[in-house]
Amino acid sequence: MHNKSQELFRRALGLMPGGVNSPVRAFRAVGGEPLFMASGKGCRITDVDGASYIDYVLSWGPLILGHCHPEVVEAVARALPSGTSFGASTAAEVELAERIREAFPSVERVRLVNSGTEATMAALRVARAATGREKILKFEGCYHGHADSLLVKAGSGVATLGLPDSPGVPRALAELTITVPFNDLAALEDAFRIHRHQLAAAIVEPVVGNAGCIPPRVGFLETLRALTAQQGTALIFDEVMTGFRVAWGGAQQLYSIQPDLTTLGKVIGGGLPVGAYGGKAGLMDQVAPAGPVYQAGTLSGNPLAVTAGLKTLEIIRRPGFYERLNALTEKLTVGLQAEAARCHVPLVVNRVGSMFTAFFTREPVTDYSSAQKADAACFAKYFRGMLERGVYFPPSQFEAAFLSSAHGEDEVTETLRAARDVLAALSSAAL
Ligand code: KE4
């Protein structure tokens, strides 16, 4: 049934660790072997064996317009004959920086990089340089890329694979990373009391995506903002996933919080490699060559990637884009909860905008430990059942799923029909 994927995976296993170029692609948490994809069009993706699926992974968030949006393809195709990279500045990256600053007023200066990992790694370095402090605070289950300091109680693939933390991170460095549960105000206040005036930065996914989707409790981000301001700690909003996803201006617009530094990625590259970090001029003007904090990148601001990002932002800025996308996502998530209730399958669906996660649990999911109580085995059966019915969700309970503007009513109907079958089967199996 997946013969070509299986053959490619067999070859890949002898060439790449785990046969993949990123752990979350390996299907380890859901069983079976990973699919190899051949093409995508709109909201559907097709594997190398010719099977197509409604895609709710969307390259883990970047494809807010779906696959191969004609205007994005045309823009990149038009830019390609001018060159793929110059290692010099181009007009397009100035334009992208202007778009980012318009959407994120807290970002007075921005530096383009090639991934979210580079963005968060550099933002931490800026915060440590500006404060002269070494300790940082992160939240359990949040994932900020694979920079050493941030692979402590991380989410996403680290959580999916149940890795305690990553070997290879020097203890001396890991010990500088303080972690507290997301949404836990008491633990947050304790951390700022215990490490008073010692924290260089607090980095947070303002809406967690990497423990599955977990919204901030009312008052949580406000308290974090107040504590960081009081103690001269740089507040870093990691908006790699939420930036231009939950709103044009990201979670900081949605919750009216101004961080000191912001990291971006995914949507701003339109499916090509772009990351960014930025914030107050006083902080960012420390970055070389304006200041002494070094960060660099051969392909930073790559003309093709920036072109894809610029065209994507131009399209999502059009009137009604987010209203339609969010309304359709709500219809899907309300429908999933209704189908689960009909089948008496415990299901909690968290959603912010067009990112969501269905947790197989009865209890509210408000932090990483409550997310871990979800029935991962049941999730795996659900994932496989939906895949068999042509619906491709992220292969992990600890990930967010996404809609694109290419998804329509028909796809939601098709997805809910598949969910009804799968949840009924889960319910009868549980009896
Ligand atoms: P990248 O280095 O993968 O571009 O970005 C790291 C990153 C940083 N911050 C947040 C909030 C992120 O979600 C990510 C990356 N997200 C994962 C999936 N949740 C990427 C998928 C993967 O690792 O293959």
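As a reminder, the structure under discussion sits directly above these lines.
Our subject in this report is the structure included herewith.

What counts and how
- Residues numbered from 1 in each chain as written.
- Predicted model: local features only at pLDDT ≥ 70, side-chain atom pairs only at ≥ 80, totals over all residues.
- Heavy atoms only, no water.
- Axes fitted to C-alpha atoms, helices over the stretch in contact; angles between N-to-C directions.
- Helix = DSSP H or I, 4+ residues; strand = E, 2+ residues; numbered from the N terminus.
- Parallel < 35°, antiparallel > 145°, perpendicular 65-115°, else oblique.
- Contact = heavy atoms within 4.5 Å.
- Nonpolar A, V, L, I, M, F, W, Y, C, P; charged D, E, K, R; others polar.
- 1 Å grid on protein atoms, 1.4 Å probe; cavity = no way out; pocket = protein on both sides within 12 Å on 5 of 7 lines; lining within 4 Å.
- Points joined across faces, edges and corners; volume = space filled by probe spheres on them.
- Buried < 20%, exposed > 50% of the residue type's maximum accessible area, 1.4 Å probe, protein only.
- Pairing = 2+ DSSP bridges.
- Near = heavy atom within 4 Å.
- Polar contact = N/O pair within 3.5 Å; in protein donor to acceptor, adjacent residues only side chain to side chain.
- Areas by Shrake-Rupley, 256 points an atom, 1.4 Å probe, with all protein chains shown as cover.
- Left-handed = near helix turned anticlockwise from the far one by under 90°.
- Disulfide = S-S within 2.5 Å.

**Let's talk about the packing of helix 7 (residues 185-194) against helix 8 (residues 220-231)**
Then, in step 1: Helix 8 packs onto helix 7 with a crossing angle of 5° between their chain directions and a minimal axis gap of 11 Å. As judged from the angle between their axes, helix 7 and helix 8 are roughly parallel. Across the interface between the two elements, Leu185, Leu188, Glu189 and Phe192 of helix 7 pack against Phe220, Thr223, Leu224, Leu227, Thr228 and Gln231 of helix 8.
Then, in step 2: For the contact of helix 7 with helix 8, the residue count by class is six nonpolar, three polar and one charged.

**A word on empty space enclosed by the protein**
Then, in step 1: For the structure shown, the criterion picks out one cavity of 30 Å³ or more.
Then, in step 2: Of the volumes computed, that of the largest cavity is approximately 80 Å³.
Then, in step 3: Taken together, Phe356, Thr357, Ala358, Phe379, Tyr382, Phe393, Pro394, Ser396, Glu399, Ala400 and Ala401 form the lining of the largest cavity.
Then, in step 4: Mapped onto the lining of the largest cavity, the elements with two or more residues apiece are strand 12 (355-359) and helix 14 (376-388).
Then, in step 5: Here the residues of the lining of the largest cavity sort into eight nonpolar, two polar and one charged.

**Overview of the pairing of strand 5 (residues 135-139)**
Then, in step 1: Burial within strand 5 is extensive, with four of its five residues counted as buried.
Then, in step 2: Here strand 5 runs beside strand 7 (residues 199-204); their pairing, made up of three bridges, is parallel. Residue Leu137 lies in a different strand from strand 7, and its bridge partner there is Ala202.
Then, in step 3: Alignment of strand 5 against strand 6 (residues 177-180), held across four bridges, turns out to be parallel. Bridged to Phe139 within strand 6 is Val180.

**Focus on the site of the ligand**
Then, in step 1: Close to the ligand lie 17 residues; Ser22, Thr117, Asn210, Asp238 and Glu399 are nearest.
Then, in step 2: Take Thr117: an N or O atom from its side chain is 2.7 Å from an oxygen atom of the ligand.
Then, in step 3: Bound to the protein, the ligand loses 86% of the 530 Å² it would expose on its own.
Then, in step 4: Residue composition of the shell around the ligand, grouped by class: five nonpolar, eight polar and four charged.

**Remarks on the sheet that holds strand 13 (residues 391-392)**
Then, in step 1: One open sheet accounts for four strands, arranged 1-2-3-13; its pairing is mixed. Pairing within the sheet leaves two strands with one partner each, and these edge strands are strand 1 (37-41) and strand 13.
Then, in step 2: Summarising the sheet, strand 2 (residues 44-47) and strand 3 (residues 52-55) pair through three bridges and their orientation is antiparallel. From the neighbouring strand, Arg44 faces strand 3, where its bridge partner is Ile54.

**Describing the sheet that holds strand 12**
Then, in step 1: Read across the sheet, three strands follow the order 11-12-14 without closing on themselves; strand pairing throughout is antiparallel. Single-partner strands in this sheet number two, and they are strand 11 (348-352) and strand 14 (401-402).
Then, in step 2: Two elements, strand 12 and strand 14, share two bridges in a ladder whose sense is antiparallel. For Met355, the partnering residue across the bridge sits in strand 14 and is Phe402.

**Here's the deal with the packing of helix 3 (residues 91-103) against helix 11 (residues 303-316)**
Each pair of packed helices can be described by the angle between their axes along with the distance between the axes.
Then, in step 1: Relative to each other, helix 3 and helix 11 sit at 40°, their axes nearing to 9 Å. Pair helix 3 / helix 11 crosses with left-handed handedness. The residues of helix 11 that touch helix 3, namely those facing Ala92, Glu93, Glu95, Leu96 and Arg99, are Val306, Leu310 and Leu313.
Then, in step 2: For the contact of helix 3 with helix 11, the class distribution of residues is five nonpolar, no polar and three charged.

**Overview of the state of the cysteines**
Then, in step 1: All told, the structure shown has zero disulfides when counted by the stated rule.
Then, in step 2: Of all cysteine sulfurs, the one in Cys213 lies closest to Cys142, which takes part in no disulfide; the gap is 12 Å.
Then, in step 3: Residue classification places Cys142 among the buried residues on the basis of a relative accessible area of 0%.
Then, in step 4: Of all cysteine sulfurs in the structure, the one in Cys343 sits closest to Cys378, which takes part in no disulfide; the separation is 11 Å.
Then, in step 5: Among the residues examined, Cys378 registers a relative accessible area of 15% and is labelled buried.

**What to know about the environment of Thr415**
Then, in step 1: For Thr415, the position within the fold is in helix 15 (residues 409-430).
Then, in step 2: A relative accessible area of 0% means that Thr415 is categorised as buried.
Then, in step 3: Sequence separation between Thr415 and Ala340 is 75 residues; the distance between their C-alpha atoms is 13 Å.
Then, in step 4: Ignoring any residue separated from it by four or fewer positions in sequence, one finds Thr415 in contact with Ile54, Tyr56, Leu332, Met386, Val391 and Phe393.
Then, in step 5: A distance of 2.7 Å separates a polar atom in the side chain of Thr415 from a polar atom in the side chain of Tyr56.
Then, in step 6: A polar contact of 2.7 Å, which involves the side chain of Thr415, links it to the backbone oxygen of Glu411.

**Topic: the environment of Ala305**
Then, in step 1: Looking at the secondary structure, you find Ala305 in helix 11.
Then, in step 2: A relative accessible area of 1% places Ala305 in the buried class.
Then, in step 3: In this structure Ala305 touches Gly269, Leu272, Pro273 and Val274, once residues within four positions along its chain are discounted.

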